[in-house]
Amino acid sequence: MEMLLDLSMDGMDSFSTSAKATGRAIEDPMMAEHQVEMETAGMKFDMKMYLSDNLLYIEIPEFGWVWEDITEEVMFAESYEDPFEFIDLIKNVNPEHVTMEADDDYYSLIYEDVTGDLATLLKEEAEAQLGTELFGVSEIEEADLEDMLGEIEFSELIYTVKIDTQSFLPVESEITYNRAMEMMGEIIDMRQEIKITYVEFDTFESIEVPNEVINEAVPLRRQPP
């Protein structure tokens, strides 16, 4: 997965964050292994993570391995990237607004969100995730959340997915959009591009967390809200 985020805010310098993640995942039960390279505000760092049996292991730069039980932790569960998240979202839009191109190897489905259907879904997810990330709980009233966060608006949203004509499995998906959000009276403008390339399917049955990671990892401690 390759991600680029450009962010600007009145009175502040704009900056970009780029990330590249490689790895593998199993949907049910959810298991994953990812390596992440990230660059933001002139700083570069690498991370590695495992997810198995509802335990999330993360290698934090200059600290080492930590673990967190995400069985009941909404903040981690909501923020964890599902590799099929966008493909699942497009199932909920009007198929009349999806165009298709085809050649001998691939079907390319292209959705330009002129009606705002997908933007509405993304807005709901963004509000839920931001509320959880900011406050660590999901008990905050919707009206209070709207007062604190303000409006979130998506625009220029285009989604494409490339499908193998033989296996009907995804080969590549890409989504680009602008997002404007009001927070504490300030407007934050973001431009995001996410591209995911799917390399192999059904080539492994499980993902094991290395013993050295399990032995080294310490519980992740967070301050209560």
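For the structure itself, consult the block above.
Everything numeric in this text was worked out from a predicted model, so none of it was measured.

Between side chains of opposite charge, pairing is possible as soon as their charged atoms come close. Under the counting rule described, the total for this entry stands at two salt bridges. Measuring nitrogen to oxygen at the nearest pair gives 3.1 Å for the salt bridge that ties E33 to R24. K195 serves as the salt-bridge partner of E172, at 3.8 Å between the closest nitrogen and oxygen. Note that E172 is positioned in strand β10 (residues 170–183) and K195 in strand β11 (residues 186–197), a separation of 23 residues in sequence. You can call E172 partly exposed: its relative accessible area is 21%. Given the relative accessible area of 28%, K195 is considered partly exposed.

Let's shift gears to the packing of aromatic side chains. Summed over the entire model, instances satisfying the criterion amount to four aromatic pairs. Ring geometry for Y107 versus F168: centroids 6.1 Å apart, planes at 15°, classification stacked. Of this pair, Y107 sits in strand β8 (residues 106–112) while F168 is found in the loop between β9 (152–164) and β10, placing the two residues 61 residues apart along the sequence. Here F168 falls in the exposed class, since its relative accessible area comes to 55%. When the ring of Y198 is compared with that of F201, the centres are 6.3 Å apart and the planes differ by 25°; the resulting orientation is stacked. Exposure remark for F201: the relative accessible area of 29% places this residue in the partly exposed category. Stacked on the ring of F204, the Lys or Arg R24 has its end atom at 4.7 Å from the ring centre. Above the face of the Y106 ring, K162 is positioned so that its terminal group lies 5.0 Å from the ring centre.

This part covers the sheet that holds strand β6 (residues 64–69). Reading across from one edge, β7-β8-β9-β10-β11-β1-β2-β3-β4-β5-β6-β12 is the order of the twelve strands in this open sheet, with mixed pairing throughout. This sheet does not close on itself; its edge strands, each paired only once, are β7 (98–102) and β12 (218–219). Relative to β12, β6 runs parallel, the two sharing two bridges. The residue of β12 that forms the bridge with W67 is P219.

Counting 25 residues, the largest nonpolar core has L118, L122, F154, L157, Y159 and I175 as the members making the most contacts within it. By residue number, the principal contributor to this core is β9, which donates six residues. In this structure, V36, L56, I58 and I70 belong to the second largest nonpolar core, which totals nine residues.

Before going further, it helps to examine a nonpolar patch on the surface. A contiguous nonpolar patch, built from I60, F63 and V218 and spanning about 260 Å² of accessible area, is present on the exposed surface. Along the chain, the position of F63 falls in the loop between β5 (55–60) and β6. Look at F63 and you get exposed, because its relative accessible area is 57%.

Here we take up the environment of S16. As for its position among the elements, S16 is in strand β2 (residues 12–26). There is a polar contact of 2.3 Å between the side chain of S16 and the side chain of D6.

Let's shift gears to the pairing of strand β3 (residues 31–40). Side chains on a regular strand alternate between the two faces of the sheet. In the sheet, β2 pairs with β3 via ten bridges, with the strands oriented antiparallel. The residue bridging G23 from the neighbouring strand is H34, located in β3. In this antiparallel pair of consecutive strands, β2 and β3, the connection spans four residues. Hairpin connection from β3 to strand β4 (residues 43–52): two residues lie between these consecutive antiparallel strands, with A41 at a positive phi of about 50°.

Rules behind the numbers
Each chain has its residues counted from 1, following the order in which its sequence is written. It should be noted that, the model being predicted, local features are given only for residues of pLDDT at least 70 and side-chain atom pairs only at 80 or more, the latter also being counted only at that level, while totals for whole chains, interfaces and linings use all residues. Each side-chain value is worked out from all heavy atoms of the structure, with water and hydrogens disregarded. Each reported salt bridge corresponds to a side-chain nitrogen of Lys or Arg within 4 Å of a carboxyl oxygen of Asp or Glu. We count a stretch as a helix when DSSP gives it H or I for four or more residues in a row; a strand needs E for two or more, and each element gets its number in order from the N terminus. Per-residue accessibility, obtained with a 1.4 Å probe over protein chains only, is compared with the maximum for each type, and a residue is labelled buried under 20%, exposed over 50%, and partly exposed between these values. Any two rings among Phe, Tyr and Trp, with Trp reduced to its six-membered ring, count as a pair given centres within 6.5 Å; such a pair is stacked if its planes are under 30 degrees apart, edge-to-face if over 60, and tilted if neither. Whether a charge sits over a ring depends on NZ of Lys or CZ of Arg being within 6 Å of the ring centre and within 35 degrees of the ring normal. Two strands make a pair as long as DSSP finds a minimum of two bridges between them. The set of buried Ala, Val, Leu, Ile, Met, Phe, Trp, Tyr and Cys residues whose side-chain atoms join them within 4.5 Å is what this entry labels a nonpolar core. Patch definition: residues above 30% relative accessible area lacking any salt bridge, with like charges linked at up to 9 Å and the nonpolar side chains Val, Leu, Ile, Met, Phe, Trp and Tyr linked at up to 5 Å. Surface accessibility follows the Shrake-Rupley procedure with a 1.4 Å probe radius. Residue values consider only the protein chains on display as shielding. Counting of polar contacts relies on pairs of N or O atoms within 3.5 Å, with two restrictions inside protein: one atom must be capable of donating a hydrogen and the other of accepting it, and residues adjacent in sequence are counted only when both atoms are side-chain atoms.

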